[in-house]
Amino acid sequence: DQQVKQNSPSLSVQEGRISILNCDYTNSMFDYFLWYKKYPAEGPTFLISISSIKDKNEDGRFTVFLNKSAKHLSLHIVPSQPGDSAVYFCAALARTSGTYKYIFGTGTRLKVLA
Amino acid sequence: NAGVMQNPRHLVRRRGQEARLRCSPMKGHSHVYWYRQLPEEGLKFMVYLQKENIIDESGMPKERFSAEFPKEGPSILRIQQVVRGDSAAYFCASSRDRSEAFFGQGTRLTVV
């Protein structure tokens, strides 16, 4: 039961253009969402997060949009740079019966072409 | 402020041996999570611990796997009698509370 889905396993974008990575979730009880970037042989690095009380959060070149009615969030990277090439994971923070855990999508491999 | 520290970075074990993976959370973080990533797959939740307590182990295999987070010292993920299918990258993350979790560099376990 995949509660957080990233339906695009890969994405290629030209340097300088916008990268849009998408994520869908099924559980309306999720109220906090995060994006992580992962390079090969390294741990995931936190990028940006958003609470469900907001619909947008911006940090430099990275913006996360949340559409609660559609249970959809997206990460925009503008402008894209070759160093952004990595696997991007979307995650939701699940709270049930006093436990917190981060549920991750399967990732989208972004390749930024120079 | 040091990040999440995991050791060893690489671990090779023969089938049937035990593997012990260590994780020291960031200073001030009392929540520890373990995740496993199989080749070409995403991050799968294994267990969530606070000091001396296992809060959620719903992602842990029922046999051979155990985790602890003692009052003093790092969190330990222990795999007994390892099999080839246990070969994966194991990541530990920590958080202060209901906030961003920060990951360590991972331990890559290879079972030969």
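The text that follows walks through the structure, step by step, so that each part is easy to find. None of the values given here were measured: they were computed from a predicted structure.

What counts, and where the lines are drawn
- Residues numbered from 1 in each chain as written.
- Chains lettered and ligands numbered in written order.
- Predicted model: local features only at pLDDT ≥ 70, side-chain atom pairs only at ≥ 80, totals over all residues.
- Heavy atoms only, no water.
- Salt bridge = Lys/Arg side-chain N within 4 Å of Asp/Glu carboxyl O.
- Helix = DSSP H or I, 4+ residues; strand = E, 2+ residues; numbered from the N terminus.
- Buried < 20%, exposed > 50% of the residue type's maximum accessible area, 1.4 Å probe, protein only.

**Notes on the pattern of salt bridges**
Part 1 of the argument: In total, this model carries 7 salt bridges over all chains according to the counting rule given.
Part 2 of the argument: A:Arg61 is the partner of A:Asp84 in a salt bridge, and the nearest nitrogen-oxygen pair spans 2.8 Å. Of the two residues, A:Asp84 sits in the loop between β8 (72-77) and β9 (86-96) while A:Arg61 sits in the loop between β6 (56-59) and β7 (62-67), which places them 23 residues apart along the sequence.
Part 3 of the argument: In this structure A:Asp84 comes out as buried when scored by relative accessible area, which is 2%.
Part 4 of the argument: With a shortest N-O distance of 2.8 Å, B:Glu18 and B:Arg20 are connected by a salt bridge.
Part 5 of the argument: We classify B:Arg20 as partly exposed; its relative accessible area is 36%.
Part 6 of the argument: Through salt bridges with shared partners, a single network forms among B:Glu18, B:Arg20 and B:Arg78.

**Describing unusual backbone geometry**
Part 1 of the argument: Cis peptide bonds are those with omega within 30 degrees of zero, and the linkage from A:Val78 to A:Pro79 qualifies with -15°.
Part 2 of the argument: For A:Pro79, the location among the structural elements is in the loop between β8 and β9.
Part 3 of the argument: Following B:Asn7, the chain continues into B:Pro8 via a peptide bond in cis, with omega recorded as -5°.
Part 4 of the argument: Residue placement: B:Pro8 occurs in the loop between β1 (5-7) and β2 (10-13).
Part 5 of the argument: Of note in this structure, A:Lys71 is not a glycine but carries a positive phi near 50°.
Part 6 of the argument: Position of A:Lys71 relative to the elements: it lies in the loop between β7 and β8.

Everything listed is a geometric property; what it means functionally is a separate question.
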